[in-house]
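Each chain, letter by letter, is given below.
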Amino acid sequence: MKVLGIYNIKGGVGKTSVSVNLSYLSSLDGNRTLLWDLDPQGSSSFFYDKELCVHTSLKRIIKGKVDLSDVVTDTDYQNLDIIPSDFSYRHIENLLEQAKKSKKRIKEALKSLKDEYDYVFLDCPPGISILAENIFHACDYILIPTVPTPLCLRTYDQIISYMKDDELKSTEVIPFFSMVEVRKSVHQNLMKELALKMPNLCTTFIPFMADIEKMGIYKKPIEDFMPNSKASNSFKGLWKEIVKKNLKHTLITNTKITSASSF
Ligand SMILES: Nc1ncnc2c1ncn2[C@@H]1O[C@H](COP(=O)(O)OP(=O)(O)OP(=O)(O)O)[C@@H](O)[C@H]1O
Ligand SMILES: [Mg+2]
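Every value quoted in this text rests on a predicted model; they were computed, and no experiment measured them. (Residues numbered from 1 in each chain as written. Chains lettered and ligands numbered in written order. Predicted model: local features only at pLDDT ≥ 70, side-chain atom pairs only at ≥ 80, totals over all residues. Heavy atoms only, no water.)

**Observations regarding the nonpolar core**
How we decide: Joining through side-chain atoms within 4.5 Å is the link that ties buried Ala, Val, Leu, Ile, Met, Phe, Trp, Tyr and Cys residues into a set, and such a set is a nonpolar core. Burial classes: relative accessible area under 20% of the type maximum marks a residue as buried, over 50% as exposed, and values in between as partly exposed (1.4 Å probe, protein chains only). The way it works is that DSSP assigns letters per residue, a run of H or I at least four long becomes a helix, a run of E at least two long becomes a strand, and they are numbered from the N terminus. Contacts are residue-level and defined by heavy atoms, with any inter-residue pair within 4.5 Å sufficient.
Counting 49 residues, the largest nonpolar core has Trp 36, Leu 68, Leu 110 and Leu 122 as the members making the most contacts within it. Among the elements that line this core, the one with the most residues is helix 6 (residues 130–138), at 6 residues. Once residues within four sequence positions are removed from consideration, Trp 36 is found in contact with Ile 61, Leu 68, Ile 83, Tyr 89, Ile 106, Ala 109, Leu 110, Phe 121, Leu 122 and Asp 123. Formed by 32 residues, the second largest nonpolar core is a distinct cluster that contains Tyr 119, Phe 176, Met 226 and Phe 235.

**Focus on the packing of aromatic side chains**
The criterion, for reference: We call Phe, Tyr and Trp rings a pair once their centres come within 6.5 Å, taking the six-membered ring for Trp, and we label the pair stacked below 30 degrees between planes, edge-to-face above 60, and tilted otherwise.
Counted under the stated rule, the structure contains 9 aromatic pairs. Pairing Tyr 119 with Phe 121 gives two aromatic rings, centres 6.4 Å apart and planes at 40°, and the pair type is tilted. Following the ring pairs from residue to residue traces out a cluster consisting of Tyr 7, Phe 136 and Tyr 162.

**Observations concerning the pattern of salt bridges**
Quick note on the threshold: One speaks of a salt bridge when a side-chain nitrogen belonging to Lys or Arg is within 4 Å of a carboxyl oxygen belonging to Asp or Glu.
Tallied over the entire structure, the rule returns 11 salt bridges. Note that Glu 193 and Lys 197 form a salt bridge whose closest N and O atoms lie 3.0 Å from each other. Judged by its relative accessible area of 55%, Lys 197 is exposed. Ionic contacts of the salt-bridge type, sharing partners, join the residues Asp 49, Glu 51 and Lys 219 into one network.

**So, helix 1 (residues 15–28)**
The condition that has to hold: Residue count minus one, scaled by 1.5 Å, sets the expected span of a helix.
For helix 1, spanning 14 residues, the distance from its first C-alpha to its last is 20 Å, which sits close to the expected 20 Å at 1.5 Å a residue. Summarising burial for helix 1: 13 of the 14 residues are buried, a large majority. Immediately downstream of helix 1, the backbone of Gly 30 shows phi near 90°, a positive value.

**Some details on the side chain of Glu 223**
Counted only if it meets this: Here a polar contact is recorded for every N or O atom pair within 3.5 Å, except that within protein the pair must consist of a potential hydrogen donor and a potential acceptor, and residues adjacent in sequence are included only if both atoms are side-chain atoms.
Along the chain, the position of Glu 223 falls in helix 11 (residues 222–225). In terms of polar contacts, Glu 223 uses its side chain to reach the side chain of Lys 236, at 3.5 Å. Not counting residues within four places of it along the chain, the set of residues in contact with Glu 223 comprises Asn 21, Tyr 24, Leu 25, Leu 28, Asn 228, Ser 232 and Lys 236.

**Re the sheet that holds strand 6 (residues 141–146)**
Applicable threshold: Two strands qualify as a pair provided DSSP detects at least 2 bridges between them. Fitting a line to C-alpha atoms yields each axis, with helices limited to the stretch in contact; the angle taken between N-to-C directions then spans 0 to 180 degrees.
Spatially, the 7 strands line up as an open sheet ordered 3-4-2-5-1-6-7, and their pairing is mixed. Each end of this open sheet is capped by a strand with a single partner; those strands are strand 3 (73–74) and strand 7 (172–177). Looking at chain direction, strand 1 (residues 2–6) and strand 6 are connected through 3 bridges and run parallel. Counterpart to Leu 4 in the pairing with strand 6 is Tyr 141. Taken strand by strand, helix 1 contacts strand 1, strand 2 (33–37), strand 4 (80–83), strand 5 (119–123), strand 6 and strand 7, and its axis lies near 165° from that of strand 5.

**Topic: the site of ligand 1**
So the rule is basically this: Whether a residue is near a molecule or strand depends on its heavy atoms: it is near if one of them lies within 4 Å of it. All accessible-area figures derive from a Shrake-Rupley calculation using a 1.4 Å probe, and residue coverage is judged against the displayed protein chains alone.
The environment of ligand 1 is made up of 17 residues, and the closest members are Lys 15, Thr 16, Ser 17, Pro 207 and Met 209. Val 13 is positioned such that a nitrogen or oxygen atom in its backbone is 2.9 Å from an oxygen atom of ligand 1. At a separation of 3.1 Å, an oxygen atom of ligand 1 approaches a polar side-chain atom of Glu 213. Bound to the protein, ligand 1 loses 84% of the 620 Å² it would expose on its own.

So yeah, pure geometry; function would need other evidence.
Quick look at the structure:
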């Protein structure tokens, strides 16, 4: 099971849109996929029309008193489940602060699902706090949607230095550009410059497109209501690239294990 967190300190950069679309594309590939909506805004839950499907209190999840598989809800799609959020998720920071091993509660909670899913996506709220630390510890990959503006790049640097301080060496950071307006020279220039400076940057980017807003009307991932559109193809390209990075990463990790065990 691989855990992918879609995270940024900044709000409104496309985290939820990416979480909803990539989780759907993962399920279409035949992967057993779970999306955990960790944001009290409940936007992912809204897009999958599962807002009112919360089965238990968040407190019991954080305290480890309930198995996550008991709170999973199925979606309208094969291979795709969701853990919806509700407004009680606004207390998540306090609940984590009070818990034992407070930085690793999300990781612990996910352990019971390790044989159930191939990919777990975490739709994260903005901010940098104990929840962010939990996300960093729980994830194999942190996908960082980055709008090519100076402020957004500043937050990217903040995330990287924060993760270095916490010695999160096994978590791989995958930045990609989001909400790109190619006609804006600031976007164009920053993208060129940063392609050389951001290690592991995806070459695929998500353009700014009005069609992406339509997800809120249809309450579906783009590929379902606008297959093969420009919007849907950009998410497909991104997913393809992430899968490739995962394969490469897994291969490198396995090679390390093989060579170590041969001694
Ligand atoms: N590539 C895009 N082009 C145009 N609009 C987009 C794009 N991605 C997202 N949006 C729209 O921008 C708004 C914010 O997107 P989204 O909710 O995905 O961001 P977020 O980072 O999850 O926000 P938050 O931090 O509030 O959780 C939404 O109305 C969404 O429909
Ligand atoms: Mg969101």
